[in-house]
Amino acid sequence: GAVVSQHPSRVICKSGTSVKIECRSLDFQATTMFWYRQFPKQSLMLMATSNEGSKATYEQGVEKDKFLINHASLTLSTLTVTSAHPEDSSFYICSARELGGADNEQFFGPGTRLTVL
Amino acid sequence: SQQGEEDPQALSIQEGENATMNCSYKTSINNLQWYRQNSGRGLVHLILIRSNEREKHSGRLRVTLDTSKKSSSLLITASRAADTASYFCATKTSYDKVIFGPGTSLSVIP
């Protein structure tokens, strides 16, 4: 099956720094990638939809200047958490939709755990 | 945004028993999927059921979909301790977004 990777899997940073998370589709092309955030013992919340070559679409309540998304190629999307604060600590999961795939199925990455001190 | 609800929020059963989890959603969907997530880990895709399907099986899993009631259920038969995890339903809307329900935390006691 299609594989999506995320890097890093875990990151700890100081408050005020920026953190970049990469999402890659390893064996397929993905015109659309999605970014989710999950707080402890809660469900996944869709943050934004990332389309290759165009601006991301953010869900209501998600600050686009805080969470910068770049989808520069058909296999890579990046999420940059700018000026991270402790409340940004969360589990960030991306998914990628295979171009022309059955049911437009999405494949999920393993997640990145961000801890902001 | 979340468009569904799941019940129960938490479920504790003995090994060997069946576990049933329910999911309701609000808008029209193209398909509905169930995922499992072990604590602190990524998602594992379990099963997808299309909007024109009513029931689907995969091993010990049975999923039903009632579009008139906007609800789905996931049945895990003969549960095992390894089934302990959180289970989420996710609906794919006409806007091509996948929206997750709040999840059910399942504990299977050996």
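The structure we're discussing is the one just above.
Here we summarise the structure given alongside this text. Within each chain, residue numbers correspond to sequence positions counted from 1 in written order. Labels are handed out in written order, letters beginning with A for the chains and numbers beginning with 1 for the ligands. Under the rules for a predicted model, residues below a pLDDT of 70 receive no local features and side-chain atom pairs below 80 are neither given nor counted, while totals for whole chains, interfaces and linings still include all residues. To get the side-chain values, all heavy atoms of the structure are used, and hydrogens and water are removed first.

A word on the side chain of A:R37. Residues and elements named next belong to chain A. Put simply, DSSP marks the helices as runs of H or I at least four residues long and the strands as runs of E at least two long, and each gets a number from the N terminus on. Secondary-structure assignment places R37 in strand β4 (residues 30-38). Whether a residue is buried, partly exposed or exposed follows from its accessible area with a 1.4 Å probe, protein chains only, as a fraction of its type maximum: under 20%, in between, or over 50%, in that order. Positive: Lys, Arg. Negative: Asp, Glu. His and the chain ends are not part of the count. Here, a salt bridge means any side-chain nitrogen of Lys or Arg that lies within 4 Å of a carboxyl oxygen of Asp or Glu. The buried charged residue R37 lacks any salt bridge, with D88 as its nearest oppositely charged partner at 4.8 Å. Apart from the residues within four sequence positions on either side, R37 is in contact with S43, L44, M45, M47, F67, S90, F91 and Y92. Contact criterion: two residues are considered in contact whenever any of their non-hydrogen atoms come within 4.5 Å of each other.

Here we come to the layout of surface pockets. Lining residues are those with an atom within 4 Å of a point, where the points come from a 1 Å grid over the protein atoms alone and group into cavities, where a 1.4 Å probe fits but cannot get out, or pockets, open sets with protein on both sides within 12 Å along at least five of seven lines. Grid points are joined across faces, edges and corners, and a volume is the space filled by probe spheres set on the points. Reported here for the largest pocket is a volume of approximately 500 Å³. If you go around the largest pocket, you meet 23 residues; those closest to its centre are A:P40, A:K41, A:Q42, B:S39 and B:S86. Of all elements in the fold, only β9 (85-93) and β11 (104-109) of chain B reach the threshold of two or more residues within the lining of the largest pocket. Looking at the lining of the largest pocket, the element that brings in the most residues is β11(B), giving four residues. Of the residues contributing to the lining of the largest pocket, the split by class is seven nonpolar, 14 polar and two charged. Three classes are used, and their members are as follows: Ala, Val, Leu, Ile, Met, Phe, Trp, Tyr, Cys and Pro are nonpolar, Asp, Glu, Lys and Arg are charged, and the others, Gly among them, are polar.

Turning our attention to unusual backbone geometry. Residues and elements named next belong to chain A. That bond from H7 to P8 is cis: its omega, 0 degrees, falls within 30 degrees of zero. With respect to the secondary-structure elements, P8 resides in the loop between β1 (4-7) and β2 (10-13). Positive phi values are uncommon outside glycine, yet K41 reaches one of about 60 degrees. Tracing the sequence through the fold places K41 in the loop between β4 and β5 (44-51).

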